[in-house]
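Residues per chain, in single letters:
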Amino acid sequence: MKPVTSAAAELLRETTELYAGDHTALSMLEAYSCRLQEPLRVAVAGMAKAGKSTLLNAIIGEEIAATDAGECTKVVTWYRHGHVPKLTLHPVEGQPRELPIRRREGHLVLTLDGHRPEEVKHLVVDWPSPALKNLTLIDTPGLASLAESVSARSENSMAPDDAPSDADAIIYLMRHLHSSDVKFLEALQDPKRRFSGAVSSLVVLSRVDEIGAGRIESLVSAGRIADRYRQDKKLRRLSLGIIPVAGLLAQTARTLRQSEYVALAELAKVDRSARERTLLSTDIFLASKNPSTVNEEMRTCLVNRFGIFGIRLAVVLIQSGSNDATTLAQELARRSGLDELLDLLQGQFQARAAELKIRSVIMGVDQLLKDRPRPGAERVSPMLERLLSASHEPRELRLLMRLRSGAATLPREFAPEAEQLLGGSGTSVSKRLGLPEEAYQSEIEEAALAAVKRWRTLSEHPLSDRAVIDVCRTIVRTCEGIIEDLQSTADQR
Ligand SMILES: Nc1nc2c(ncn2[C@@H]2O[C@H](COP(=O)(O)OP(=O)(O)O)[C@@H](O)[C@H]2O)c(=O)[nH]1
Ligand SMILES: [Mg+2]
């Protein structure tokens, strides 16, 4: 167990003693203890129809979450790992209730069992999916949706004023940059809140296949748009990264069926200009008989699962050598942007999971001490402050965001190395130090020592301002941590 995790457990033990007899406080503390043991919680947020549920399915690798409207898209739904499928409704008032599981065309049919959406705090789906073993995903109703209450509940679960967020991190989807997207991302980082910046977010530019009217170049255009957004100072400050993703294609790639591959391979055999004519629109494609081996039912399935863009891309991939379903699925997942998103999820969120969870717990305990003051709290407060300053990685994330936004400016020649050392290109030691994965321990140690020296010198430079000194100190901590870890593994040998 990491030392910060045991310090957090210790903080919770002390606080539990402090609140002996106060059942409300004790149950909150117990929930925080569980949260430390559980997988990281990542919420998928964005406006209605941004493609949230579709992307969530792509990450899980199964079509569980229902896409498109329905009463359950109005409630927050958690997907977490369980050995047997189970559905539990947590009402705003009263005890949780188990509901029967039903599926329609693969998707779970979530019913609220007579409750109105505003009476439901959230639904929890336990599902035996390997992808959920290290990650709990939270599907949220659209923000800025027409129904104010729906959007308010969603926002409140992620950025409440008086409790830690339900999520440790957020994937935020947007089709275009809208003022309400910026408003929501700003609310997460609101500097007036004590724990501003507590919840880190990755921005996904979603449904990118629709950008170029179904043409293969859509993904290239999407890449350009994402680049432009990356230059946007405001957005850079508010997110850890911006990635274009074709969610529908990603979902299909993760659940590709052999029959679909066979039909696409038949299409790939058709003469190019004839095929292009049939792919001019959905209606023409559905009515076409070329090739006759792909019937109308299969055409409908392909349109729903791939979209016209996805069909075109799959055909091109088959023609250039993806000659079985597994290879095609892998190639589609890569092109859809899903692989890059999963890498970022792993590199930026999972790799810092312990610290992100602890941060949520610290916020909870801090709020509890404020809401329900008790004599003896002075014993706990210093522990809390110590833990806050010891949980180093969220500080790295915050600094990364400030560097990327230009809110903290380093001398130009130092900026790329700073981002890299803070884990901006991946949190493994070799990625941070810009060394090959197979680097020797001695090379790693040497590079880390050199970095400590360089960044310490910069921090002591008379022209370095407060913000620069802050960055330098955090980087020095990071590098010292690397050296300490190396030395303790060497000692264990
Ligand atoms: N073409 C295309 N359609 C998508 C994509 N992602 C979602 N959709 C469609 O957009 C609609 C809304 O998607 P959904 O995931 O329910 O959005 P949510 O409201 O944000 O959860 C559905 O009909 C999806 O099939 C995508 O990447 N490309
Ligand atoms: Mg949805």
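Anything mentioned here points back to the structure above.
Conventions we followed
Residues numbered from 1 in each chain as written. Chains lettered and ligands numbered in written order. Predicted model: local features only at pLDDT ≥ 70, side-chain atom pairs only at ≥ 80, totals over all residues. Helix = DSSP H or I, 4+ residues; strand = E, 2+ residues; numbered from the N terminus. Contact = placed C-beta atoms within 7 Å. Core = buried A, V, L, I, M, F, W, Y, C linked by C-beta atoms within 7 Å. Buried ≥ 20, exposed ≤ 12 C-beta atoms within 10 Å, placed from the backbone. Near = placed C-beta within 6 Å. Nonpolar A, V, L, I, M, F, W, Y, C, P; charged D, E, K, R; others polar. Pairing = 2+ DSSP bridges. Axes fitted to C-alpha atoms, helices over the stretch in contact; angles between N-to-C directions. Parallel < 35°, antiparallel > 145°, perpendicular 65-115°, else oblique. Left-handed = near helix turned anticlockwise from the far one by under 90°.

Novice: Looking at this model, I keep getting lost on the environment of Thr255. Mind explaining?
Specialist: Structurally, Thr255 is set in the loop between helix 8 (247-254) and helix 9 (258-269). In the structure, Thr255 is positioned 197 residues away from Ala58 in sequence and 8.3 Å away in space, judged by C-alpha atoms. Every residue in contact with Thr255, bar those within four places of it in the chain, is listed here: Gly61, Glu62 and Glu63.

Novice: Explanation requested: the nonpolar core in the structure shown.
Specialist: Across soluble globular proteins, nonpolar side chains have a tendency to be buried as a group. In this structure, Val42, Val204 and Ala314 are the most contacted members of the largest nonpolar core, which totals 107 residues. Considering each element in turn, this core owes the most residues, 10 residues, to helix 12 (residues 296-319). One finds Leu11, Leu18, Leu29 and Ile358 within the second-largest nonpolar core, a separate group that totals 15 residues.

Novice: Honestly, the site of ligand 1 in this entry has me stumped. Any pointers?
Specialist: As a structural note, the neighbourhood of ligand 1 is formed by 19 residues, with Gly51, Lys52, Thr54, Thr67 and Leu248 the closest of them. Elements with a contribution of two residues or more to the shell around ligand 1: helix 3 (52-60) and helix 8. Per-element accounting of the shell around ligand 1 gives the leading share, three residues, to helix 3. Residues belonging to the shell around ligand 1 are distributed by class as follows: four nonpolar, nine polar and six charged.

Novice: What am I meant to see in the pairing of strand 11 (residues 242-245) here?
Specialist: The two faces of a sheet get side chains in turn, since along a regular strand they alternate between them. Side chains of strand 11 alternate between two faces, with Ile242 and Pro244 and Ile243 and Val245 buried alike. By the bridge criterion, four bridges tie strand 10 (residues 200-206) to strand 11 in an arrangement that is parallel. Pairing of Val204 across the sheet is with Ile243, part of strand 11.

Novice: For this particular structure, what's the right way to read helix 3?
Specialist: Given 3.6 residues per helical turn, the α-helix brings residues three or four places apart onto the same face. Along helix 3, nine of the nine residues are buried, which leaves the element largely enclosed by surrounding structure. Of the residues flanking the end of helix 3, it is Gly61, one or two places downstream, whose phi is positive at about 85°.

Novice: Any chance you could explain helix 8 here in plain terms?
Specialist: Burial within helix 8 is extensive, with eight of its eight residues counted as buried. Where helix 8 is buried, its residues meet helix 3, strand 10, strand 11, helix 12, helix 13 (325-335) and helix 14 (338-349).

Novice: How do you make sense of the packing of helix 1 (residues 3-18) against helix 15 (residues 353-371) when you look at a structure like this?
Specialist: Packed helices, taken two at a time, are described by their axes: the angle between them and the distance between them. Following both chains from N to C, one finds helix 1 and helix 15 inclined at 20°, their axes separated by 10 Å at the closest point. Accordingly, the angle class assigned to the pair helix 1 and helix 15 is roughly parallel. The handedness of the crossing between helix 1 and helix 15 comes out as left-handed. Touching Val4, Thr5, Ala8, Leu11, Leu12 and Thr15 of helix 1 are Ala354, Glu355, Ile358, Val361 and Val365, all from helix 15. Per-class residue counts for the contact of helix 1 with helix 15 are eight nonpolar, two polar and one charged.

Novice: Hey, could you run me through the pairing of strand 10 in this one?
Specialist: Taken across its seven residues, strand 10 has seven buried, putting it largely inside the fold. Where burial is concerned, the two faces of strand 10 agree: the one with Ser200, Leu202, Val204 and Ser206 and the one with Ser201, Val203 and Leu205 are both buried.

Novice: Quick question: what am I supposed to make of the sheet that holds strand 2 (residues 77-81) here?
Specialist: Hydrogen bonds between backbone atoms are what pair the strands of a sheet, whose relative direction is either parallel or antiparallel. Reading across from one edge, 4-3-7-2-8-1-9-10-11 is the order of the nine strands in this open sheet, with mixed pairing throughout. The two strands at the open ends of the sheet, each matched to only one other strand, are strand 4 (97-99) and strand 11. Taken pair by pair, the neighbouring strands of this sheet meet at an average axis angle of 25°, ignoring direction. In terms of strand pairing, strand 9 (residues 169-174) meets strand 10 through six bridges, oriented parallel.

Novice: Hey, could you run me through the packing of helix 8 against helix 12 in this one?
Specialist: For the pair helix 8 and helix 12, the least separation of the axes is 8 Å and the interaxial angle reads 115°. In the crossing of helix 8 with helix 12, the sense of the turn from one axis to the other is left-handed. Across the interface between the two elements, Leu248, Leu249 and Thr252 from helix 8 touch Arg305, Phe306, Gly307 and Gly310 from helix 12.

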